[in-house]
Amino acid sequence: AMDQWQQAELMLVGPAGAMDLVAGGEDLRDAIYSWPIVNRCRVDQELVGGAYTDADVFATENVNVRGLDTLEALLFIESEENGCAPNSSINTSGAWAEIVSELDQRRAAYAATAATLVRRDADALVAAWETDFMGVIRSAGTGSELYPSAQEALNGISDALFYLDKEAKDMKVGVPAGISMDCLAESCPEDRESLYANDSLPHLANNVRGFRFVFTGADGIGFDDLLTEAGAEDLSTQILEAVDAALALLEGLETDIPTLLAEDSAGLDPVHEALKTITDLLKTQFVTVLDLELPMRA
């Protein structure tokens, strides 16, 4: 499920997108996967509270205590310690100590509820697309209130591709690699995306696969075809070669971020450079040739 969602991260258009950033955004993405809004302490507090036993009630909880990121914590953390500070109430009251003998059962029950809610939210996203948003996209320029022109709809889809720039390159690679100013040390592997399953590099590979899927339109019409029609087939080829090179690099890294950075503090730099090659082309020639506007985050 996580592999599939990491590809869908490049498709945050319409209802999947953030209300304040995306036309037609309904914030449905965060209920399924809220990274980087994650909080292990909150998950452990919920383990103590036990509200997860009722999925309908738990559906109203904040996104950082449900979703695929919460599932990762519940399925992969084996420690009997919690992620809260010593002065947290679950520690000072002795409430955590009281449930330690039941941790496996509680984590399993909580994970079952989280999985149920992920499925519900994924179904809700699919329904939002099929019952409304597909019609909005199809009517762009011919009556759509959201997209007065077909070009604006195209821009909405291209904006989603810039996940590869901000979230993937800058946050998922730049921070743990020590390239971003958000990391004040030589490297910050503790700030990687997948802390517990340790799948940060496979997540990045799936991000690149999702990018390629959207860029090429899979078996349909994609941005590669539009570039060719605009007389920029060489640019299309250049972008796809950069995408394939980044994917080959990531697939060849049979390790994880902590191990990679322990062996070489600059070990993530080639990944950052490979993604930057793609996003530099996006920010310059791609948007120029297709007359697209850059999203604010880029």
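Residues numbered from 1 in each chain as written. Predicted model: local features only at pLDDT ≥ 70, side-chain atom pairs only at ≥ 80, totals over all residues. Heavy atoms only, no water.

Asks: Residue-level account of the packing of helix 3 (residues 40–49) against helix 8 (residues 103–138), with values.
Replies: Any two packed helices are characterised by the angle at which their axes cross and by the distance between the axes. Remark: helix 3 packs on helix 8, axes separated minimally by 10 Å, with the N-to-C direction vectors making an angle of 105°. Between helix 3 and helix 8, the angle falls in the class roughly perpendicular. The residues of helix 8 that touch helix 3, namely those facing Val43, Glu46, Leu47 and Val48, are Leu103, Arg106, Arg107 and Tyr110. (Axes fitted to C-alpha atoms, helices over the stretch in contact; angles between N-to-C directions. Helix = DSSP H or I, 4+ residues; strand = E, 2+ residues; numbered from the N terminus. Parallel < 35°, antiparallel > 145°, perpendicular 65-115°, else oblique. Contact = heavy atoms within 4.5 Å.)

Asks: Residue-level account of the side chain of Arg107, with values.
Replies: By the secondary structure assignment, Arg107 is in helix 8. The buried charged residue Arg107 lacks any salt bridge, with Asp104 as its nearest oppositely charged partner at 4.8 Å. Setting aside chain neighbours within four positions, we find Arg107 in contact with Leu47, Leu74, Ile77, Glu78, Ser79 and Glu81. (Buried < 20%, exposed > 50% of the residue type's maximum accessible area, 1.4 Å probe, protein only. Lys, Arg positive; Asp, Glu negative; His and termini not counted. Salt bridge = Lys/Arg side-chain N within 4 Å of Asp/Glu carboxyl O.)

Asks: I'd like to hear about the state of the cysteines, residue by residue, with values.
Replies: In this structure the tally under the stated criterion is two disulfides. A sulfur-sulfur distance of 2.0 Å marks the disulfide that ties Cys41 to Cys84. Disulfide Cys41-Cys84: the torsion about the S-S bond is 100°, which places it as right-handed. One end of the pair, Cys41, is in helix 3; the other, Cys84, is in the loop between helix 5 (68–76) and helix 6 (89–92), with 43 residues separating them in the sequence. Through a disulfide, Cys183 is tied to Cys188; the S-S separation comes to 2.0 Å. In this structure the cystine formed by Cys183 and Cys188 twists about its S-S bond by roughly 85°; its chirality is therefore right-handed. Here the two residues Cys183 and Cys188 agree in accessibility, since each one is buried. Numbered by order of appearance in the sequence, the disulfide-linked cysteines of the protein chain pair as 1-2, 3-4. (Disulfide = S-S within 2.5 Å.)

Asks: Any chance you could break down helix 5 for me, citing the residues and the numbers?
Replies: Judged by how many residues are buried, helix 5 sits mostly within the fold: seven of nine residues are covered. Burial in helix 5 covers these residues: Leu68, Asp69, Thr70, Leu71, Glu72, Ala73 and Leu74. Residues of helix 5 that are buried sit in contact with helix 1 (2–8), helix 2 (28–32), helix 3 and helix 8.

Asks: How would you explain unusual backbone geometry if you had to name every residue and give the values?
Replies: The omega angle of the peptide bond from Trp35 to Pro36 is 10°, so this bond is cis rather than trans. One non-glycine residue, Asn198, lies in the positive phi region at around 60°. Mapping Asn198 onto the fold places it in the loop between helix 10 (163–177) and helix 11 (200–216). Positive phi, normally seen in glycine, also occurs at Ala218, with a value near 55°.

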